[in-house]
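One letter stands for each residue in the lines below.
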Amino acid sequence: MSASSLFAHAPAYPGDPILSLNEDFQRDPRADKVNLSIGLCFDEAGRLPVMHAVSEVERRLQGPHGEGPRPYLPMAGLGALREAIGRCVFGADSPLRAEGRIATLQTLGGSGALKVGADLLRRLFPEAGVWISDPSWENHRVVFEGAGFAVHTYPYHDARSGGLRFEEMLAALSRLPARSIVLLHACCHNPTGVDLSSAQWQQLIPVLREREAIAFVDMAYQGFGEGLEPDAQAVRTLAESGVACLVANSFSKNFSLYGERCGGLSVVCATREEAARLQGQLEATVRANYSNPPTHGARVIATVLDDAELAADWSRELGELRQRIERMRHALHARLSGRIGSPLLDRYLQQRGMFTYTGLTPPQVERLRQEFGIYLLRSGRMCVAGLNARNVDAVGEAIAQVLA
């Protein structure tokens, strides 16, 4: 028997639907192709921006002999970054932080935070089920099923209106088994761009508390909805409400540091002593997975957030990226106005963040790709951040044609 035959039973991997589509885009020879699939925030020139504050910190880190030694970080990550995560996610004046009730890790991006959290919860609550929104980011199901959970869905997106099925969502969550795990999006819901209002969060929290649910909040797009502080408000309200809560946050988008894989996982606990025990459990989970996170991106982000001037510069530039996305929403809406009807038209302005659920069907999405070189996900999800002044008219015209 040859060694290779030992793996003959291994099935082929069908590929990630988003990353595979991005590879198809790269192979497309058309000069006027447009990538509106992958979740990257581009500037007006169609490039990934390098933020000024990031460049300044990297200049400072480069001493006469380079950045200097890069020893292993602790399992929990860089202490300065963990402190910065606490301020960004829960607020500089958070009473939870002051009371020592939050356990926090630096993680391998937001996906790493989800994975560590899923593994921890599987160990502590092996009988629990996981509920994600319908629809949700594809990798949410992958991560939690990979940890051994049964994953279910709760009602969320209204395909007809482009809005939220909130009453159905509340009704479904009110029937969950006790101590179920509920995956929630803090802001800029991926893939739909449809968020709960502040009033709806206030209605949701008592339901979660009554069911003793474990809320696992994914905050990958802080700063792209209404701003850094408003986008974190739902997390802060939930954390202070007494609901058991984990929060995964990512700096990939809002620092434009995708390849550095910097994120965080925080667990809100009832007491300081409980937080200390959970901190140890989180670190044990990391040790069994990747041992410790990388250094460079952590140093950059922590330095920016610890410097008031650099932090203000970063926040300003992030605000410009958010405003550019909003301008593209209005430009596409204007281009389609009079060509398509409501609610297909209205959702471009009602939804927010990097993504919009266009309402396009898989055959219509395929036609956009084949005939016009415009790449969206089969679900109809569009990354609005891929639009710019040079391509938005062509995209609007193509959408109008496939909807005609």
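In what follows, the accompanying structure is described. Owing to the predicted nature of the structure, the values given are computational and were not obtained by experimental measurement.

## A word on the overall build of the protein chain
Looking only at helices and strands, the protein chain has 15 helices and eleven strands in total. In terms of overall size, the protein chain behaves like a compact globule, its C-alpha atoms giving a radius of gyration of 22 Å where 404 residues would be expected to give roughly 22 Å. Along the three orthogonal principal directions, the C-alpha set of the protein chain runs to about 65 × 60 × 60 Å. Relative to its 404 residues, the protein chain shows a buried fraction of 55%. The long-range share in the protein chain, meaning contacts at least 24 apart out of those at least 6 apart in sequence, stands at 75%. Roughly 17600 Å² of accessible area belongs to the protein chain as shown, and the carbon and sulfur atoms make up 53% of that amount. A gap of 2 Å separates the mean positions of the 42 positive and 45 negative side-chain charges of the protein chain.

## Quick look at the nonpolar core
Core analysis: the largest hydrophobic core is formed by 133 residues, its most contacted members being Phe-216 and Met-382. Discounting residues that sit within four places of it in the chain, Met-382 has contacts with Leu-36, Leu-332, Tyr-348, Met-354, Phe-355, Thr-356, Thr-358, Leu-376, Leu-387, Val-395 and Ile-399.

## Remarks on helix 14 (residues 362-372)
Within the span of helix 14, buried status applies to Gln-364, Val-365 and Leu-368. Taken around the axis of helix 14, the buried residues stretch over an arc of 105 degrees, which confines them to a single face.

## A few points about the side chain of Asn-254
Mapped onto the elements of the fold, Asn-254 is located in the loop between strand 7 (244-250) and strand 8 (262-268). Accessibility expressed as a relative area gives 1% for Asn-254, which makes it buried. At 3.1 Å, the side chain of Asn-254 and the backbone oxygen of Gln-222 are in polar contact.

## Section: helix 2 (residues 52-61)
For helix 2, the set of buried residues is Ala-53, Val-54, Glu-56 and Val-57. Buried residues of helix 2, seen end-on, are gathered within an arc of 165 degrees and therefore sit on one face of the element. Contacts made by the buried residues of helix 2 are with helix 11 (296-306) and helix 12 (308-336).

## Considering the environment of Glu-99
Mapped onto the fold, Glu-99 is located in the loop between helix 4 (95-98) and strand 2 (102-108). Since its relative accessible area comes to 37%, Glu-99 is described here as partly exposed.

## Considerations on the pairing of strand 4 (residues 151-155)
As judged from the five bridges shared by strand 3 (residues 130-134) and strand 4, these two strands associate in the parallel manner. Within the sheet, the bridge partner assigned to Trp-131 lies in strand 4 and is His-152. In this view, the connection linking strand 3 to its parallel neighbour strand 4 by way of helix 6 (residues 138-146) has right-handed handedness.

## As for the environment of Gly-77
Inspection of the secondary structure assignment puts Gly-77 in the loop between helix 2 and helix 3 (79-90). With 15 residues separating them in the primary sequence, Gly-77 and Ala-92 have C-alpha atoms 20 Å apart. Other than its neighbours up to four places away in sequence, Gly-77 contacts Arg-82, Gln-106 and Pro-293.

## A look at unusual backbone geometry
In this chain, Asn-190 is followed by Pro-191 through a cis amide linkage whose omega measures 25 degrees. For Pro-191, the location among the structural elements is in the loop between strand 5 (181-185) and helix 8 (198-210). The residue after Ser-342, namely Pro-343, is reached through a cis peptide bond having omega 5 degrees. In this fold, Pro-343 is placed in the loop between helix 12 and helix 13 (347-350).

Reading the values: rules and limits
Residues numbered from 1 in each chain as written. Predicted model: local features only at pLDDT ≥ 70, side-chain atom pairs only at ≥ 80, totals over all residues. Heavy atoms only, no water. Helix = DSSP H or I, 4+ residues; strand = E, 2+ residues; numbered from the N terminus. Rg over C-alpha atoms; globule rule 2.2 N^0.38 Å. Buried < 20%, exposed > 50% of the residue type's maximum accessible area, 1.4 Å probe, protein only. Contact = heavy atoms within 4.5 Å. Areas by Shrake-Rupley, 256 points an atom, 1.4 Å probe, with all protein chains shown as cover. Lys, Arg positive; Asp, Glu negative; His and termini not counted. Charge placed at Lys NZ, Arg CZ, Asp CG, Glu CD. Core = buried A, V, L, I, M, F, W, Y, C linked by side-chain atoms within 4.5 Å. Arc of directions from axis to C-beta. Polar contact = N/O pair within 3.5 Å; in protein donor to acceptor, adjacent residues only side chain to side chain. Pairing = 2+ DSSP bridges. Right-handed = clockwise from strand over helix to strand, strands pointing away.

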